[in-house]
Amino acid sequence: MGEHKMLMDLIVNPEVVPHFVSYAFLGSILLIGLALMIRGSMSLVPGGVQNVVEVVAKYILDLAEETLGHHWGRPFFPLICTIFMYIAVCNFMGLVPGFDSPTSNINMTASMAVPVFFATHYYGLKVHGVGYIKHFLGPMRSVIWLPMMMLMLIVESISHLARPVTLSVRLFGNMIAKHFLLLVLAFLVPWLIPAHFAVFLLGILVALVQALVFALLTTMYLAGAVEEAH
Amino acid sequence: MKKFLTIALLAFVIVCMFAPLALAAEGAMADGGSISVKAYAAIGAGIAIGFAALGTGIGMGSGLSKACEGVARNPGVSGKITTTLILGLALIESLCIYALIVSLGLLINQGIFF
């Protein structure tokens, strides 16, 4: 997909800086610009853009506090909300003609999934110390069940290692599938407008839902790491 | 128990009957050498995404039916059920997307598709 002519080619040379990097920076600049614009004119009764952003932030804050508890909801809220907003903006960029979504590249999605993985384990160790290993041992705790505890340790390690892989491949696969579907449809039946329209709407839905799923899964993994072990 | 044993033995006999046929066909093909990797890749890609879509369809349909039932029992909590349903559907769909990645990889690698 890198051979296509994109709008960014006017500013940045595609040979030196690949498309997904320049569009990722564009997404970051968009979000930071939005934040600065809102901060410049804050009002107690919000209206317009501030209202929209406040709705989104409130929704994610409620989600974080409900899953993580009141003690850990606030500290983790910036990470989760940033991930949600950034992935949503990047996904929607792919739908606009002339732009490309940076999340349709495995490097971008992996670069978001791997820090989440490390954050989970870092906070788990910070809260529980060495007792963090009790999370991996399963429900039974006595000397007779030692073989089962060892088996559970292996199985839980594999499941934990699969988490960044599934997180990144899920987002990447959805974005690639959306692009491919639109491309194939445009190639085979360029005159059937309702089909394009339907796939476009599906693309919008998928973009939003995948951002939400990434943020939700991040929340649940963090909740699983910092909760009290049973 | 007797019925299960009968069915198991019958299945084993059928597999034993058809095994030499399949192996002979593969042997003949290996001698011929006319069917290339491209053909096998195309068949594999089709089968991969076909089975994945089958499993996904069954799983999503089952989850959706239970969600509808839950909303019918208790319409007041339909917002939470809808959110949980969408989340569950996205997670199940990601399994089909893994198979799509494999299938696309097969087709693109052999040059059949872009």
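Here the structure is a predicted model, which means the values were calculated and not measured.

1. Some words on the overall build of chain A
At step 1: Each helix and strand counted, chain A has five helices and zero strands in total.
At step 2: Secondary structure elements in chain A, listed N-terminal to C-terminal, are α-α-α-α-α.
At step 3: C-alpha extents for chain A along the principal axes are approximately 70 × 50 × 40 Å.
At step 4: Across the 230 residues of chain A, 27% fall into the buried class.

2. Looking at the overall build of chain B
At step 1: The helix and strand inventory of chain B stands at three helices and zero strands.
At step 2: Helices (α) and strands (β) of chain B occur, in sequence order from the N terminus, as α-α-α.
At step 3: Residues counted as buried form 8% of the 114 residues belonging to chain B.
At step 4: In chain B, 74% of the contacts between residues at least 6 apart in sequence involve partners at least 24 apart.

3. Things to note about the interface of chain A and chain B
At step 1: Taken together, the contact pairs ten residues of chain A with nine residues of chain B.
At step 2: Among the secondary structure elements, those contributing two or more residues to the side of chain A that touches chain B are helix H4 (146–188) and helix H5 (193–226) of chain A.
At step 3: No other element matches the six residues that H4 of chain A contributes to the side of chain A that touches chain B.
At step 4: Of the residues that constitute the side of chain A that touches chain B, the class distribution is five nonpolar, four polar and one charged.

4. Considering helix H1 (residues 19–40) of chain A
At step 1: Helix length check: H1 of chain A (22 residues) gives 32 Å between terminal C-alpha atoms against 32 Å at 1.5 Å per residue, within 8%.
At step 2: Check the buried side of H1 of chain A and you find it contacts helix H2 (49–93) and helix H3 (106–128) of chain A.

5. A look at the environment of cysteine 90 of chain A
Residue and element names in this part refer to chain A.
At step 1: For cysteine 90, the position within the fold is in helix H2.
At step 2: For cysteine 90 and alanine 24, which are 66 residues apart along the polypeptide, the C-alpha to C-alpha distance reads 7.1 Å.
At step 3: In contact with cysteine 90, other than residues within four places in its own chain, are Ala24, Gly27, Ser101, Pro102 and Thr103.

6. Observations regarding the packing of H5 of chain A against helix H3 (residues 78–109) of chain B
At step 1: The N-to-C vectors of H5 of chain A and H3 of chain B enclose an angle of 95 degrees; their axes lie 10 Å apart at closest approach. Considering their axes alone, H5 of chain A and H3 of chain B lie roughly perpendicular with respect to each other. Counting all contacts with H5 of chain A, which are made through Val209, Gln210, Val213 and Leu216 of chain A, the residues of H3 of chain B involved are Ile86, Leu87, Ala90 and Leu91 of chain B.
At step 2: Broken down by class, the residue content of the contact of H5 of chain A with H3 of chain B amounts to seven nonpolar, one polar and no charged.

7. Section: the confidence of the model for chain B
All names here are of chain B.
At step 1: This prediction gives chain B a mean pLDDT of 84; 84% of its residues lie at or above 70.
At step 2: The spread of mean pLDDT over the elements of chain B runs between helix H1 (residues 2–32), the lowest at 69, and helix H2 (residues 37–73), the highest at 94.
At step 3: Interface confidence for the predicted complex, expressed as ipTM, amounts to 0.72; the pTM equals 0.80.

8. Digging into the nonpolar core
Residues and elements named next belong to chain A.
At step 1: One finds Ile83, Phe84, Ile87, Ala211, Phe214 and Ala215 to be the most contacted residues of the largest nonpolar core, which totals 40 residues.
At step 2: Of all the secondary-structure elements, those providing two or more residues to this core are H1, H2, H3, H4 and H5.
At step 3: Residue contributions to this core peak at 15 residues, all from H2.
At step 4: For isoleucine 87, the residues in contact, after removing those within four places along its chain, are Thr103, Leu171, Ala211 and Phe214.

9. Quick notes on the environment of cysteine 81 of chain A
All names here are of chain A.
At step 1: Counting through the fold element by element, cysteine 81 comes out in helix H2.
At step 2: A sequence separation of 98 residues divides cysteine 81 from histidine 179, and the C-alpha atoms of the two residues are 26 Å apart.
At step 3: For cysteine 81, the residues in contact, after removing those within four places along its chain, are Ala57 and Ile60.

10. Observations concerning the packing of H4 of chain A against H3 of chain B
At step 1: In the contact formed by H4 of chain A and H3 of chain B, the axes pass within 9 Å of each other and the chain directions differ by 70 degrees. Put simply, H4 of chain A runs roughly perpendicular to H3 of chain B. Contacts between H4 of chain A and H3 of chain B pair Thr166, Val169, Arg170, Gly173, Asn174 and Ala177 of chain A from the former with Ser94, Ile97, Tyr98, Leu100 and Ile101 of chain B from the latter.
At step 2: Residue composition of the contact of H4 of chain A with H3 of chain B, grouped by class: six nonpolar, four polar and one charged.

Reading the values: the criteria
- Residues numbered from 1 in each chain as written.
- Chains lettered and ligands numbered in written order.
- Predicted model: local features only at pLDDT ≥ 70, side-chain atom pairs only at ≥ 80, totals over all residues.
- Helix = DSSP H or I, 4+ residues; strand = E, 2+ residues; numbered from the N terminus.
- Buried ≥ 20, exposed ≤ 12 C-beta atoms within 10 Å, placed from the backbone.
- Contact = placed C-beta atoms within 7 Å.
- Nonpolar A, V, L, I, M, F, W, Y, C, P; charged D, E, K, R; others polar.
- Expected span 1.5 Å × (residues − 1).
- Axes fitted to C-alpha atoms, helices over the stretch in contact; angles between N-to-C directions.
- Parallel < 35°, antiparallel > 145°, perpendicular 65-115°, else oblique.
- pLDDT = per-residue confidence, 0-100.
- Core = buried A, V, L, I, M, F, W, Y, C linked by C-beta atoms within 7 Å.

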